[in-house]
Amino acid sequence: MKPTDIANPDYFHKVVDCQWACPAHTPVPEYIRLIAAGRYGEAYLVNWKSNVFPGILGRTCDRPCEPACRRGRVEEGHDKKAKPEPVAICRLKRVAADYKDDIREYLPKPAARKNGKRVALVGAGPASLTVARDLAPLGYDLVVFDGDAQAGGMMRTQIPKFRLPESVIDEEMGYVLDLGVDFRPGQRIDSLKALLAQGFDAVFVGSGAPRGRDIDIPGRTQAAANIHIGIDWLASVSFGHTTRIGKRVVVMGGGNTAMDCCRSARRLGGADVQVVVRSGFDEMKASPWEKEDARHEGIPIHNYLVPKAFTHDGGKLTGVTFEKVAPGKDAKGRRQLVPTGEPDVHFACDDVLVAIGQENAFPWIERDIGIAFDEWGMPVVDKATMASTLPNVFFGGDAAFGPKNIIWAVAHGHDAAISIDLFCNGQDLRRRPPPHVNLVSQKMGIHEWSYDNAITSDRRFRVPLKETRIALASIKVEVELGFDPKLAFAEAQRCLNCDVQTVFTDKLCIECDACVDICPMDCITFTANGEEDDLRQRLKAPARNLEQDLYVSGELKTGRVMVKDEDVCLHCGLCAERCPTGAWDMQKFLLDTAQADDRVRVRSDFRRSRASEPLATAGENRL
């Protein structure tokens, strides 16, 4: 194998599993250390720069970072019986939002001068507001259109208040709108052609996936009065139009919307709420913690049941009949659900909430203006630039590629903002700005580092919950209480500082194997070079996870190479402490993904003064 090119930003970025997995590439270990040090405002700003809505995402994010967390792999390897427990990254994000001081002075200010370019943003959800956040300081005139009376999109209409309080939404919407954005509530766009005729230099479509899927089975029309589409019902609850539901409720669907529906129904009078899913429990699209929360509130989940008919009496809904199925395979080996032949199951109910998915709807986009649509009725969008086939129209969020989640919408918004800025300046959309990268040694002495590298054995700490009796009494009482500073510190200590990299200088190595002897994970091997497949099998501990790279040195004096498996390295620094020549060093890797312009960053003197600052003051008992 060739020596590893650690100058390539993607190499160490990939080693920081949580940041690599985050669509917005939030520097997770960076803000977790700040939380451990009690520097909550700074931790919030690190988040705000990349994911825009730390308080909202700290409560509602789909957490793609956590399954990737190295902590889970390490714990799994040490205790096969224990469930892997990643660091509670998402809930630590909320800590930064809950305990920060006023951070407004560090945010960008409205542009002193306009640049003469006007951009329309359709929808006031996370994708559009991210575009607005990135472009407003650059002097763009930004007009945000939305049919609702307040900004937030699905964050406000589809996420129940017991998960996301109104005050948090208002605060983080305000940070964006206060940048001089022209928000026009109650103005739904009914024609893209008409909008383009208003002379905007660019248009961004962030209208979401506003239509819930319906179900066409016998009885649907006759019992329609008590059959509700999940996302529409949640919006009606959010706006206060719906304040109660029948005592017996069936929720059809296995995604996060279904979990929000069933938990909301419990708070609006549903004493007997049942969730019915056609797939198996482990195959449900709902996040594991969403399913756990529903069951904690006494809501049963029934699996492998396919709806056959709504039963009714003179037009009044009486229940739903389901057919029992089991997983099987067709002639080509593809998975399918097969009827078991057992008797049908009937659930008596007063109301049904249908939460079986969402669809995009673009009746307001004319098909003769140059925007191509695919066979599923989705716009053809470039995944790198977010550009449509009409040069000045861009898409993002659910409107671009179908329903995902908030953090993906934010990532799309950042990419689209770069493209809009390039487009409006007559530049090539494919010439994406590179990320900003630092790699700085953390050495403060022969055996001292500027961070606490001790590895705690604590299991993941649980977020305290409001007492169920109180939580179920109101649709607006927040269920999760969040970590207090003491619990936040303890959970932050579980972070392995994956961004503090083990950097090897082959010219200094005397091949004493001291690092091999002291490594607690058997990550390091000195061996003859070879092809990757062969080399992975000859290491001290075979490197079976092909998703993680091997760190390979140049040729040493004996002709061998140093090979380090990046998969389960603890980043503990013992190799660097033990090395007698300094061939190993611990260097902090900080990657900030580029945005439309550096002026979008939090106040430059604040961030850049910290770029070469130690991770924590020497002598502090901090990460």
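Residues numbered from 1 in each chain as written. Predicted model: local features only at pLDDT ≥ 70, side-chain atom pairs only at ≥ 80, totals over all residues. Heavy atoms only, no water.

Engineer: Looking at this model, I keep getting lost on the overall build of the chain. Mind explaining?
Structural biologist: Of the regular secondary structure elements, the chain holds 23 helices and 22 strands. At 27 Å, the chain has a C-alpha radius of gyration in line with the 25 Å of a compact globule built from 623 residues. For the C-alpha atoms alone, the extent of the chain along its principal axes is close to 90 × 65 × 50 Å. Counting over 623 residues, the chain shows a buried share of 57%. In the form shown here, the chain has an accessible surface area of approximately 26500 Å², with 50% of it arising from carbon and sulfur atoms. The positive charge centre, built from 82 side chains, and the negative charge centre, built from 87, are 2 Å apart in the chain. (Helix = DSSP H or I, 4+ residues; strand = E, 2+ residues; numbered from the N terminus. Rg over C-alpha atoms; globule rule 2.2 N^0.38 Å. Buried < 20%, exposed > 50% of the residue type's maximum accessible area, 1.4 Å probe, protein only. Areas by Shrake-Rupley, 256 points an atom, 1.4 Å probe, with all protein chains shown as cover. Lys, Arg positive; Asp, Glu negative; His and termini not counted. Charge placed at Lys NZ, Arg CZ, Asp CG, Glu CD.)

Engineer: Explain the packing of aromatic side chains here, please?
Structural biologist: Each aromatic ring pair is described using two quantities: the centre-to-centre distance and the angle formed by the ring planes. A complete count under the given rule lists 13 aromatic pairs for this structure. The rings of Y11, F12, Y551 and F589 are connected pair by pair, giving a single aromatic cluster. Its guanidinium or amino end placed over the ring of F281, K291 lies 4.3 Å from that ring's centre, counting from NZ or CZ. In this structure, K404 packs its charged tip against the face of W408, placed 4.2 Å from the ring centre. (Phe/Tyr/Trp six-rings, centres within 6.5 Å; stacked < 30°, edge-to-face > 60°. Lys NZ or Arg CZ within 6 Å of the ring centre and 35° of its normal.)

Engineer: Would you explain the pattern of salt bridges in this entry?
Structural biologist: Two side chains of opposite charge can pair, provided their charged atoms sit close to one another. This model, assessed by the stated rule, comprises 50 salt bridges. In this structure, E480 engages R91 in a salt bridge whose closest nitrogen and oxygen atoms are separated by 2.8 Å. Of the two residues, E480 sits in the loop between helix 18 (468–471) and helix 19 (485–492) while R91 sits in helix 8 (residues 89–99), which places them 389 residues apart along the sequence. You'll find E480 and R91 in the same group, each marked buried. The closest approach of N and O atoms between E359 and R213, which form a salt bridge, is 3.6 Å. Of this pair, E359 sits in strand 15 (residues 358–359) while R213 sits in the loop between strand 5 (211–212) and strand 6 (227–229); the two residues are 146 residues apart in sequence, bridging distant segments of the chain. In this structure E359 comes out as partly exposed when scored by relative accessible area, which is 30%. (Salt bridge = Lys/Arg side-chain N within 4 Å of Asp/Glu carboxyl O.)

Engineer: For this particular structure, what's the right way to read the confidence of the model for the chain?
Structural biologist: Detailed conclusions should not be drawn from predicted coordinates in areas where pLDDT is low. Averaged over the chain, the pLDDT score is 92; the fraction of residues at 70 or greater is 94%. A low-confidence stretch, residues 601–623 stays under pLDDT 50, and its non-local contacts, those more than four residues away or across chains, total 58 contacts. (pLDDT = per-residue confidence, 0-100. Contact = heavy atoms within 4.5 Å.)

Engineer: Explain helix 8 to me, please; I cannot follow it from the model alone.
Structural biologist: Since the α-helix packs 3.6 residues into each turn, any two residues three or four apart lie on the same face. Within helix 8, 9 of the 11 residues are buried, which leaves it mostly tucked inside the rest of the structure. Among all positions in helix 8, only I89, C90, R91, L92, K93, R94, V95, A96 and A97 are buried. Its buried side turned inward, helix 8 meets helix 2 (17–21), helix 3 (28–36), helix 4 (40–51), helix 5 (54–60), helix 6 (65–68) and helix 19.

Engineer: Explain the sheet that holds strand 19 (residues 524–527) here, please?
Structural biologist: Note: strands within a sheet are paired through backbone hydrogen bonds, in either parallel or antiparallel orientation. The 3 strands lie next to each other as 19-21-20, forming an open sheet whose pairing is antiparallel. Of all strands in the sheet, those with a lone pairing partner are strand 19 and strand 20 (550–552), marking the two edges. Strand-to-strand twist in this sheet, taken as the mean axis angle between neighbours without regard to direction, amounts to 25°. Relative to strand 21 (residues 561–565), strand 20 runs antiparallel, the two sharing 3 bridges. Note on strand 21: the bridge partner recorded for Y551 is K564. (Pairing = 2+ DSSP bridges. Axes fitted to C-alpha atoms, helices over the stretch in contact; angles between N-to-C directions.)

Engineer: Help me understand helix 11 (residues 166–177), please; the structure alone is not making it clear to me.
Structural biologist: Taking 1.5 Å of rise per residue, 12 residues should cover 16 Å, and helix 11 covers 16 Å from first to last C-alpha, within 8% of that figure. Buried residues of helix 11: V168, I169, E172, M173, G174, Y175 and V176, and no others. Where the residues of helix 11 are buried, they touch helix 4, helix 5, helix 9 (126–135) and helix 10 (154–157). (Expected span 1.5 Å × (residues − 1).)

Engineer: What exactly am I supposed to notice about the sheet that holds strand 3 (residues 182–185) here?
Structural biologist: One open sheet holds the 5 strands; their spatial order is 3-2-1-4-16, and the pairing between them is parallel. Across the chains shown, the open sheet's two edge strands, defined by having one partner strand only, are strand 3 and strand 16 (393–395). Across the sheet, the axes of successive neighbouring strands diverge by a mean angle of 20°, strand direction being ignored. Across 4 bridges, strand 2 (residues 141–146) lies against strand 3 in parallel orientation.

Engineer: What exactly am I supposed to notice about the packing of helix 9 against helix 11 here?
Structural biologist: A packed helix pair is summarised by two numbers, namely the angle formed by the two axes and the spacing between the axes. Contact geometry of helix 9 with helix 11 gives a least axis separation of 9 Å together with a crossing angle of 40°. Taken together, the axis directions place helix 9 and helix 11 in an arrangement best described as oblique. Residue-level contacts link L129, A132 and R133 of helix 9 to M173, V176 and L177 of helix 11. For the contact of helix 9 with helix 11, the class distribution of residues is 5 nonpolar, no polar and 1 charged. (Parallel < 35°, antiparallel > 145°, perpendicular 65-115°, else oblique. Nonpolar A, V, L, I, M, F, W, Y, C, P; charged D, E, K, R; others polar.)

Engineer: Would you mind going over the side chain of D293 with me for this structure?
Structural biologist: Assignment of secondary structure puts D293 in helix 15 (residues 288–296). Overall, the relative accessible area of 16% leaves D293 in the buried class. Those residues in contact with D293, other than ones at most four positions away along the chain, are R263 and E480.

Engineer: Which parts of the structure should I look at to understand the environment of R263?
Structural biologist: Tracing the backbone shows R263 in helix 14 (residues 256–267). Taking the C-alpha atoms as reference points, R263 and G298, 35 residues apart in sequence, are found 9.5 Å from one another. Beyond its immediate stretch of four places on either side in the chain, R263 contacts F162, R163, E290, D293, A294, E297, I299 and V479.

Engineer: Help me out: how do you make sense of the pairing of strand 22 (residues 584–592) in this one?
Structural biologist: Along any regular strand, the residues point their side chains to alternate faces of the sheet. By the criterion of burial, strand 22 is predominantly enclosed, with 9 of the 9 residues buried. Of the two faces of strand 22, both are covered, the one formed by W584, M586, K588, L590 and D592 as well as the one formed by D585, Q587, F589 and L591. Where strand 17 (residues 436–441) lies against strand 22, 6 bridges are found, and the strand directions are antiparallel. Its bridge partner lying in strand 22, S441 is registered against Q587.

Engineer: What should I look at first to understand the environment of H414 in this one?
Structural biologist: Topologically, H414 is positioned in helix 17 (residues 406–424). Given a relative accessible area of 7%, H414 falls into the buried group. On a C-alpha basis, the gap between H414 and G582 in space is 40 Å, while along the polypeptide they are 168 residues apart. Each residue touching H414, except ones within four places of it in the same chain, is listed here: K49, S50, V52, T130, R133, D134 and Q595.

Engineer: I'm lost on the side chain of S279 in this one. Help?
Structural biologist: You can see S279 is positioned in the loop between strand 8 (272–276) and helix 15. In contact with S279, not counting residues within four places along its chain, are M284, N303 and Y304.

Engineer: In this structure, what is going on with the packing of helix 14 against helix 15? I would like to understand it.
Structural biologist: Taken N-terminus to C-terminus, the directions of helix 14 and helix 15 make an angle of 20°; their axes are 10 Å apart at the nearest point. One element, helix 14, and the other, helix 15, form an angle in the roughly parallel class. Judged by the sense of rotation from one axis to the other, the crossing of helix 14 with helix 15 is left-handed. Within the contact between the two elements, helix 14 uses N256, M259, D260, C262 and R263 and helix 15 uses E290, K291, D293 and A294. (Left-handed = near helix turned anticlockwise from the far one by under 90°.)

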